[in-house]
Amino acid sequence: MPILRVETNLPGSALPENFAEDLTKLASKLIGKPEKLFCIILHPDKSMLFGGSNEPCAFVSVSSIGKIGPELNQKYAAELTPFLSEQLKIATDRFYIQFLCREPDDVAWQSKTLAQ
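Residues numbered from 1 in each chain as written. Predicted model: local features only at pLDDT ≥ 70, side-chain atom pairs only at ≥ 80, totals over all residues. Heavy atoms only, no water.

The subject of this paragraph is the nonpolar core. Counting 24 residues, the largest nonpolar core has Val62, Leu80, Leu84, Leu88 and Ile97 as the members making the most contacts within it. For this core, the secondary structure elements donating two or more residues are strand S1 (3-8), helix H1 (19-31), strand S3 (58-65), helix H2 (70-88) and strand S4 (95-102). Considering every element that reaches this core, the biggest residue donor is H1, with six residues. Excluding anything up to four places from it in sequence, leucine 80 contacts Leu23, Leu26, Leu30, Val62, Ile97 and Phe99. (Core = buried A, V, L, I, M, F, W, Y, C linked by side-chain atoms within 4.5 Å. Buried < 20%, exposed > 50% of the residue type's maximum accessible area, 1.4 Å probe, protein only. Helix = DSSP H or I, 4+ residues; strand = E, 2+ residues; numbered from the N terminus. Contact = heavy atoms within 4.5 Å.)

Next comes the structure, spelled out in structure tokens:
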């Protein structure tokens, strides 16, 4: 159920052609869950400011049931930050990555929560 959401003020045309696929592969490797469970959501063309500037910026959210915590988040940040910066051509000081740990009761799939 891992969900990665990338919101950016970049135009959609600036996103690399295989960005979602490459992000899925990296996240699957890092989080240790199969690619088929990942949901990647890309939101380009957002009206965004970061630090009062509309220069290229982003906000990234990583949600997962388990596999989120202080030590793991540091590991993920160390891998995701350069990937996102290189792929999106956004400076590392122009985006945040938020990590959210979800409970199985908070997510449903195929008419049931994942706790069932």
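Let us keep going from here.
This paragraph deals with unusual backbone geometry. Even without being glycine, lysine 67 reaches a positive phi, approximately 60°. With respect to the secondary-structure elements, lysine 67 resides in the loop between S3 and H2. The backbone of glutamine 110 shows a phi angle near 55°, a positive value even though the residue is not glycine.

Moving on, we get to the environment of glutamine 87. By secondary structure assignment, the location of glutamine 87 is in helix H2. Owing to a relative accessible area of 24%, glutamine 87 belongs among the partly exposed residues under this scheme. Between the alpha carbons of glutamine 87 and alanine 27 there is a distance of 14 Å; along the sequence they are 60 residues apart. Not counting chain neighbours up to four residues away, the residues in contact with glutamine 87 comprise Pro16, Phe19 and Asp22.

Take the packing of H1 against H2 next. What describes two packed helices is the angle between their axes and the distance between those same axes. As a packed pair, H1 and H2 sit with axes 11 Å apart at the nearest point and diverge in direction by 170°. Classified by the angle their axes make, H1 and H2 are roughly antiparallel. Residue-level contacts link Phe19, Asp22, Leu23, Leu26, Lys29, Leu30 and Ile31 of H1 to Lys75, Tyr76, Glu79, Leu80, Phe83, Leu84, Gln87 and Leu88 of H2. Grouping the constituent residues of the contact of H1 with H2 by class yields 10 nonpolar, one polar and four charged. (Axes fitted to C-alpha atoms, helices over the stretch in contact; angles between N-to-C directions. Parallel < 35°, antiparallel > 145°, perpendicular 65-115°, else oblique. Nonpolar A, V, L, I, M, F, W, Y, C, P; charged D, E, K, R; others polar.)

Throughout the structure, instances matching the rule amount to three aromatic pairs. Relative to phenylalanine 99, the ring of tyrosine 76 lies with its centre 6.1 Å away and its plane at 45°, an arrangement referred to as tilted. Highlighted residues: tyrosine 76 in helix H2 and phenylalanine 99 in strand S4, separated in sequence by 23 residues. The buried category is assigned to tyrosine 76, whose relative accessible area is 1%. On the basis of relative accessible area, phenylalanine 99 is assigned to the buried category, the value being 19%. (Phe/Tyr/Trp six-rings, centres within 6.5 Å; stacked < 30°, edge-to-face > 60°.)

Spatial relationships are all this shows, so hold off on functional conclusions.
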